[in-house]
Amino acid sequence: QKEVEQDPGPLSVPEGAIVSLNCTYSNSAFQYFMWYRQYSRKGPELLMYTYSSGNKEDGRFTAQVDKSSKYISLFIRDSQPSDSATYLCAMSRQGGSEKLVFGKGTKLTVNP
Amino acid sequence: DTGVSQDPRHKITKRGQNVTFRCDPISEHNRLYWYRQTLGQGPEFLTYFQNEAQLEKSRLLSDRFSAERPKGSFSTLEIQRTEQGDSAMYLCASSLASGAHTEAFFGQGTRLTVV
């Protein structure tokens, strides 16, 4: 079993839809949870960063962490074609200054 | 400073040749990481440095791989006797090690194709 599991999709939605992306993990030592967005042939860029359990909102994006279930989610409201990318969840024990463990990534397409 | 810079962006090499990639981190960042990403997979950790010291190496990093960070600035990743299985995107990231939340910034990667 991999430490981080993420459904690779692909996921295709119409513009304006609410998108839900999820990851599960097995290592209870993970304390920091991140979502990266990666456009084709580019490096990942950080979208959201959450410490421990709870919710965090930033514009159209909401990240949720449920440590009791070892489950994290990213919600995208009012999705736009420019949101089309691969979304990677990543986790670590000590934040961004430590090595990250990534999921496989979910490829999202938002259709105009 | 425009972020993490990697060179070259693309490299095609014949099997058995040696290749070297360079990463220039964000100037004030003392931690530098190398990851490898194959098609349809997330990045996998290879190794990281704090200043010039290599602190951790993944089991993925075979004896054919070597990384250096002389003087704690730029880093190089060398692959000797390349194999087709080495074809991947090699990503470099940097961060500032501190007790508080700190973000790892990624470069655009070097895409290696071994033919």
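A brief report on the enclosed structure follows. (Residues numbered from 1 in each chain as written. Chains lettered and ligands numbered in written order. Predicted model: local features only at pLDDT ≥ 70, side-chain atom pairs only at ≥ 80, totals over all residues. Heavy atoms only, no water.)

**Here's the deal with the environment of P8(B)**
Residue and element names in this part refer to chain B. Looking at where P8 falls in the secondary structure, it is placed in the loop between β1 (5–7) and β2 (10–13). Remark: the alpha-carbon pair of P8 and L60, spanning 52 residues in sequence, is separated by 22 Å. Apart from residues lying up to four places away in sequence, P8 is in contact with T20, F21, G109 and T110. (Helix = DSSP H or I, 4+ residues; strand = E, 2+ residues; numbered from the N terminus. Contact = heavy atoms within 4.5 Å.)

**Quick notes on the environment of R111(B)**
Here R111(B) is to be found in strand β11 (residues 110–114). With residues up to four places along the chain from it excluded, the contact list for R111(B) reads R41(A), R9(B), H10(B), K11(B), A88(B) and M89(B).

**Focus on the interface of chain B and chain A**
Across the boundary between the two partners, chain B contributes 25 residues, which contact 19 residues of chain A. The junction of chain B with chain A conceals about 1800 Å² of combined surface from both sides, 50% of it contributed by carbon and sulfur atoms. Linking chain B with chain A are one salt bridge, by the criterion used here. Counting every contact that joins chain B to chain A gives seven residue pairs in polar contact (both at pLDDT 80 or more). (Buried area = accessible area lost by both parts, 1.4 Å probe. Salt bridge = Lys/Arg side-chain N within 4 Å of Asp/Glu carboxyl O. Polar contact = N/O pair within 3.5 Å; in protein donor to acceptor, adjacent residues only side chain to side chain.)

**Examining the nonpolar core**
The biggest cluster of nonpolar side chains holds 24 residues, and the ones touching the most others in it are W35(A), I72(A), L74(A), I76(A), Y87(A) and M91(A). At the level of elements, β3 (19–25), β4 (32–38), β5 (45–51), β7 (61–66), β8 (71–76), β9 (85–92) and β11 (106–111) of chain A are the ones that each hand at least two residues to this core. Listed in part, the 19 residues of the second largest apolar core include I26(B), L46(B), A88(B) and V114(B). (Core = buried A, V, L, I, M, F, W, Y, C linked by side-chain atoms within 4.5 Å. Buried < 20%, exposed > 50% of the residue type's maximum accessible area, 1.4 Å probe, protein only.)

**Some details on the packing of aromatic side chains**
Enumeration over the complete set of coordinates arrives at 15 aromatic pairs over all chains. An angle of 35° between the planes, with centres 6.4 Å apart, marks the rings of Y33(B) and Y35(B) as tilted. Under the relative-accessibility criterion, Y33(B) is labelled buried at 1%. A connected cluster of aromatic rings, assembled from ring pairs, spans Y36(A), F102(A), Y33(B), Y35(B), F45(B), Y48(B) and F106(B). (Phe/Tyr/Trp six-rings, centres within 6.5 Å; stacked < 30°, edge-to-face > 60°.)

**Examining the sheet that holds strand β1 (residues 4–6) of chain A**
Residue and element names in this part refer to chain A. Taken together, five strands build an open sheet; the order of strands is β1-β3-β8-β7-β6 and the sheet is antiparallel. Only two strands of the sheet have a single partner each, and these edge strands are β1 and β6 (54–58). Between one strand and the next, the sheet's axes are offset by a mean angle of 15°, whatever the strand orientation. In terms of strand pairing, β6 meets β7 through five bridges, oriented antiparallel. (Pairing = 2+ DSSP bridges. Axes fitted to C-alpha atoms, helices over the stretch in contact; angles between N-to-C directions.)

**Describing the pairing of β8(A)**
All names here are of chain A. Pairing between β3 and β8: six bridges, direction antiparallel. Directly across from S20, in β8, lies its bridge partner F75. Where β7 and β8 come together, six bridges link them in antiparallel fashion. Directly across from Q64, in β8, lies its bridge partner S73.

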